Amino acid sequence: MTGPAPRRPALTRRTAIAAGAATLAMPAVLRAEPAAIKIGLLHPVTGPLAFSGNQCRTGGTMAIAEINAAGGIKSMGGAKLEAVLGDTQLRPEIAAGLVDQMSGSVAGFTGCFASGLVLAATQAAAKYNLPFCVDSGIADNITTRGLTNTFRLFPAATPVVEDAVLCLSEINKSAGSPARSAILVHENSEFGTGTAKVLAEKLPGVGIKVLDNIAHPTPTRDFSNIVLRIQEAKPDLVIMTNYLNEYILLARTLVQQRVKLVALFSVLGGGFGSKFATEQPQISDNIMDFNNWINPKSKAGQDFRKKLAAAKVLLTFEVPFGYLAVKLMADAIEHAGSTDRKKVIDALANSTFYPDIMPYGPTHFVNGQNQGAHAVGLQIQKGAVKVVWPGAFAEAHAIYPRPKA
């Protein structure tokens with residue numbers, strides 16, 4: 001026989017109200033999620049630079065997906081990142097205008113692939129004290145204008161060119177110095193002109209005379225006259241600095257016209273990479289470039305290659321650029337524990353983010369420029385991009401001089 005049922009406490013008006021309030025509050029707590037953190041991704045995804053701009057964007061959106069899948073920004077309760085996409089085309093005024101439009105809703109920006117676009121966008125972002133992580137844009141003055149909001153993980157033009165000249169000098173000397181003259185061919189904006197200027201200053205110091213310095217616009221549809229000019233001058237080297245379409249067209253014209261060269265070399269060649277290597281092997285084989293690339297000696301670098309292959313994303317230098325710029329921004333927000341602009345900028349300035357998929361050292365920013373980043377010497381060999389310099393990262397020996405056709 002069971003005893004009487006326990007007596008339930010009387011439900012007073014006060015306890016009824018409290019119980020109702022608790023019942024209403026609990027689902028709200030369970031449903032609450034931190035607001036998304038919006039990041040502006042600005043790139044030229046239409047027009048002459050569309051391929052490169054889309055590659056940068058792909059890298060950036062991949063990084064956002066990874067961060068969100070791993071739990072978002074943990075110091076902010078798992079807040080997810082959200083990409084706000086903008087097409088800068090090839091017009092600096094559009095890049096600046098997009099910054100103005102997004103300034104009230106985003107926590108920061110990455111972009112913009114081309115130096116002229118980056119200069120305009122970072123200047124506009126500085127008006128709002130919005131952090132900006134440059135994912136490509138090589139001009140020195142991007143980080144020498146005193147803008148405290150602008151950070152570039154990748155090396156600037158002058159150190160890249162200095163390293164490129166050292167690379168070329170060592171490879172040339174090891175082959176008995178067959179190259180003693182060069183012609184520079186470059187696109188005529190800040191990117192190409194600035195790079196060619198430093199090359200012209202540095203090459204004579206390693207015994208290579210600059211015979212000519214030829215600028216061309218973007219786009220350029222025909223290089224026949226420039227190649228005739230090169231044939232008449234008979235240089236040992238042609239050194240190119242230009243964007244994707246012009247890079248490939250100039251290389252094709254030089255090879256098809258059977259211009260005799262010790263080497264066809266480029267610095268930050270916009271068309272150099274896996275796409276060129278696989279799609280045009282007869283043109284691209286043995287062309288050399290000095291550029292940023294995946295570290296072939298690191299597990300992180302190899303894992304990143306596999307990740308791109310699984311996603312059917314073609315490896316070009318732009319993809320890790322876009323990917324790491326977003327990772328850097330997210331790392332700063334994580335350390336700041338906030339999207340407060342000053343706090344994020346301070347976190348970037350003191351960043352110890354380590355981009356181990358690249359052949360870089362630890363991050364150390366001075367006036368917004370990472371001091372730990374260096375590009376590497378590359379060569380297309382039998383349809384694949386190989387690191388050939390420096391020795392610490394080389395996976396193949398340089399084929400130099402270029403075999404005769």
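This report concerns the structure included in the present document. Quick caveat: nothing in here was measured; it's all calculated off a predicted structure.

## Some remarks on the side chain of Thr-253
Turning to step 1, where the next piece is worked out: Topologically, Thr-253 is positioned in helix 8 (residues 244-256).
Turning to step 2, where the next piece is worked out: There is a polar contact of 2.8 Å between the side chain of Thr-253 and the backbone oxygen of Leu-249.
Turning to step 3, where the next piece is worked out: In contact with Thr-253, other than residues within four places in its own chain, are Phe-223 and Val-227.

## Side note on the sheet that holds strand 10 (residues 288-291)
In sheet architecture, strand pairing relies on hydrogen bonds along the backbone and comes in two forms, parallel and antiparallel.
Turning to step 1, where the next piece is worked out: Spatial strand order, 7-6-8-9-10-13-14: seven strands in an open sheet with mixed pairing. A strand with exactly one partner marks an edge of an open sheet, and here the two such strands are strand 7 (209-216) and strand 14 (384-389). The average angle at which neighbouring strand axes cross in this sheet is 25°, direction not considered.
Turning to step 2, where the next piece is worked out: The pairing of strand 6 (residues 181-187) with strand 8 (residues 237-241) spans five bridges and is parallel. For Ile-183, the partnering residue across the bridge sits in strand 8 and is Val-238.
Turning to step 3, where the next piece is worked out: Strands in contact with helix 6 (residues 190-202) are strand 6, strand 7, strand 8 and strand 9 (263-267); relative to strand 6, the strand with the most contacts, it is inclined by about 160°.
Turning to step 4, where the next piece is worked out: The strands that helix 8 touches are strand 6, strand 7, strand 8, strand 9 and strand 10; relative to strand 8, the one it contacts most, it runs at about 165°.

## A short note on helix 6
Turning to step 1, where the next piece is worked out: Counted at 1.5 Å a residue, the expected span for helix 6 with its 13 residues is 18 Å, and the 18 Å between its end C-alpha atoms agrees.
Turning to step 2, where the next piece is worked out: Considered for burial, the residues of helix 6 that qualify are Phe-191, Gly-192, Thr-195, Ala-196, Val-198 and Leu-199. What you see down the axis of helix 6 is that its buried residues fit within an arc of 165°, all on one side.
Turning to step 3, where the next piece is worked out: Tucked into the core, helix 6 has its buried residues touching helix 4 (115-127), helix 5 (157-174), strand 6, strand 7, strand 8 and strand 9.

## Overview of the packing of helix 5 against helix 6
Turning to step 1, where the next piece is worked out: Two elements in contact, helix 5 and helix 6, have axes whose closest approach is 9 Å; the angle formed by their N-to-C orientations is 40°. Here helix 5 is positioned oblique relative to helix 6, judged by the angle of their axes. For the crossing formed where helix 5 meets helix 6, the hand is right-handed. Contact with helix 5, carried on its side by Thr-158, Val-161, Glu-162 and Val-165, involves Thr-195, Val-198, Leu-199 and Lys-202 of helix 6 and no other residues of that element.
Turning to step 2, where the next piece is worked out: Tallied by class, residues from the contact of helix 5 with helix 6 come to four nonpolar, two polar and two charged.

## Here we look at the environment of Gly-71
Turning to step 1, where the next piece is worked out: Structurally, Gly-71 is set in the loop between helix 2 (50-69) and strand 2 (81-87).
Turning to step 2, where the next piece is worked out: Leaving out residues up to four positions away in the same chain, Gly-71 has contacts with Gly-78 and Lys-80.

## A look at the packing of helix 3 (residues 92-102) against helix 4
Turning to step 1, where the next piece is worked out: The contact between helix 3 and helix 4 brings their axes to 8 Å, and the two run at 30°. The orientation of helix 3 relative to helix 4 falls into the category roughly parallel. With respect to the hand of their crossing, helix 3 and helix 4 are arranged in right-handed fashion. Note on element contacts: helix 4 touches helix 3 through Gly-116, Leu-117, Ala-120, Ala-121, Ala-124, Ala-125 and Lys-127, opposite Pro-92, Ala-95, Ala-96, Val-99 and Asp-100.
Turning to step 2, where the next piece is worked out: Taken together, the residues of the contact of helix 3 with helix 4 sort by class into nine nonpolar, one polar and two charged.

## Side note on the pattern of salt bridges
Turning to step 1, where the next piece is worked out: Counting across every chain of the model gives ten salt bridges.
Turning to step 2, where the next piece is worked out: For Lys-202, the salt bridge is made with Glu-162, and the minimal N-O distance between the two is 3.7 Å. Pair noted here: Lys-202 is in helix 6 and Glu-162 is in helix 5, with a separation of 40 residues, a long-range link.
Turning to step 3, where the next piece is worked out: The class for Glu-162 is partly exposed, based on a relative accessible area of 36%.
Turning to step 4, where the next piece is worked out: Notably, a salt bridge pairs Asp-346 with Lys-342, separated by 2.9 Å at the nearest N-O pair.

## Concerning the pairing of strand 3 (residues 108-112)
Turning to step 1, where the next piece is worked out: Of all the five residues making up strand 3, five are buried; the element is thus mostly covered by neighbouring parts of the structure.
Turning to step 2, where the next piece is worked out: In terms of strand pairing, strand 1 (residues 37-43) meets strand 3 through four bridges, oriented parallel. For Gly-40, the partnering residue across the bridge sits in strand 3 and is Phe-109.
Turning to step 3, where the next piece is worked out: Where strand 3 and strand 4 (residues 132-136) come together, four bridges link them in parallel fashion. Residue pairing for strand 4: Gly-111 is matched across the bridge by Val-134.

## Regarding the packing of aromatic side chains
Turning to step 1, where the next piece is worked out: Scanning the model with the defined rule gives ten aromatic pairs in all.
Turning to step 2, where the next piece is worked out: Measuring from ring centre to ring centre gives 5.9 Å for Phe-109 and Phe-132, while their planes differ by 25°; the resulting arrangement is stacked. In this pair, Phe-109 is assigned in strand 3 and Phe-132 in strand 4, connecting sequence segments 23 residues apart.
Turning to step 3, where the next piece is worked out: Summarising the aromatic geometry, the rings of Phe-191 and Tyr-243 are spaced 4.9 Å apart at their centres and angled 35° between planes, so their arrangement reads as tilted. Pair noted here: Phe-191 is in helix 6 and Tyr-243 is in the loop between strand 8 and helix 8, with a separation of 52 residues, a long-range link.
Turning to step 4, where the next piece is worked out: When its relative accessible area of 7% is taken as the criterion, Phe-191 is described as buried.
Turning to step 5, where the next piece is worked out: A relative accessible area of 7% means that Tyr-243 is categorised as buried.
Turning to step 6, where the next piece is worked out: Put simply, the rings of Phe-154, Phe-317, Phe-321 and Tyr-360 pair up and form one aromatic cluster.
Turning to step 7, where the next piece is worked out: Between Lys-275 and the ring centre of Phe-51, over which it is positioned, the NZ or CZ distance is 5.1 Å.

What counts as what
- Residues numbered from 1 in each chain as written.
- Predicted model: local features only at pLDDT ≥ 70, side-chain atom pairs only at ≥ 80, totals over all residues.
- Heavy atoms only, no water.
- Helix = DSSP H or I, 4+ residues; strand = E, 2+ residues; numbered from the N terminus.
- Polar contact = N/O pair within 3.5 Å; in protein donor to acceptor, adjacent residues only side chain to side chain.
- Contact = heavy atoms within 4.5 Å.
- Pairing = 2+ DSSP bridges.
- Axes fitted to C-alpha atoms, helices over the stretch in contact; angles between N-to-C directions.
- Expected span 1.5 Å × (residues − 1).
- Buried < 20%, exposed > 50% of the residue type's maximum accessible area, 1.4 Å probe, protein only.
- Arc of directions from axis to C-beta.
- Parallel < 35°, antiparallel > 145°, perpendicular 65-115°, else oblique.
- Left-handed = near helix turned anticlockwise from the far one by under 90°.
- Nonpolar A, V, L, I, M, F, W, Y, C, P; charged D, E, K, R; others polar.
- Salt bridge = Lys/Arg side-chain N within 4 Å of Asp/Glu carboxyl O.
- Phe/Tyr/Trp six-rings, centres within 6.5 Å; stacked < 30°, edge-to-face > 60°.
- Lys NZ or Arg CZ within 6 Å of the ring centre and 35° of its normal.

That's the geometry; what it means functionally is another story.
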